[in-house]
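Listed below, chain by chain, are the residues.
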Amino acid sequence: AFQEIPSLDPSASLACRLCRCFTGVSAAAEILVSADGSRLFASNRGIFSSSSLAMFQIRDDGRLEPSTFVPAMGAMPRHFTLHGTLLLAGLERSGALAIFDTSGGDLVPVTC
């Protein structure tokens, strides 16, 4: 059961309440809900700052609970997908792929 989000006034100044540790200009490129509907993942494409990935728990009432906020391991995460417990993120400006393990409830970078 998801709640409808009221429309926002485009002329109003908005402050990011979910990612309190982020400052700067950012643009999201991807939002993904896990197959079981329990988690939401989003990318922050830092324009003049670092890029990151965020994970939120989806509560029973549909509200999002911030869970994890990690550096993307490169510049401009464009697209990502879940493959089992792995999150694979394409880093547009880095020309690379970042891999994160989600099995423990966090986004943990996988290194080769």
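Look a little higher up for the structure.
Residues numbered from 1 in each chain as written. Predicted model: local features only at pLDDT ≥ 70, side-chain atom pairs only at ≥ 80, totals over all residues. Heavy atoms only, no water.

Asks: What should I look at first to understand the environment of Leu86 in this one?
Replies: Locating Leu86 in the fold gives a position in strand β7 (residues 86–91). Judged by its relative accessible area of 29%, Leu86 is partly exposed. Spatially, the C-alpha atom of Leu86 lies 8.9 Å from that of Leu107, the residues being 21 residues apart in sequence. Leave out the neighbours within four places in its chain, and Leu86 touches Thr81, Ile99, Phe100, Asp101, Thr102 and Val110. (Helix = DSSP H or I, 4+ residues; strand = E, 2+ residues; numbered from the N terminus. Buried < 20%, exposed > 50% of the residue type's maximum accessible area, 1.4 Å probe, protein only. Contact = heavy atoms within 4.5 Å.)

Asks: Any chance you could explain the sheet that holds β7 here in plain terms?
Replies: In a beta sheet, neighbouring strands are held together by backbone hydrogen bonds and run either parallel or antiparallel to one another. Reading across the sheet, the four strands line up as β6-β7-β8-β9 and stay open at both edges, with antiparallel pairing between neighbours. In this open sheet, the two edge strands, each paired with only one partner strand, are β6 (77–83) and β9 (108–109). Judged from the six bridges that link them, β7 and strand β8 (residues 96–101) form a sheet pairing that is antiparallel. Looking at β8, one finds that Leu91 is bridged to Ala96. (Pairing = 2+ DSSP bridges.)

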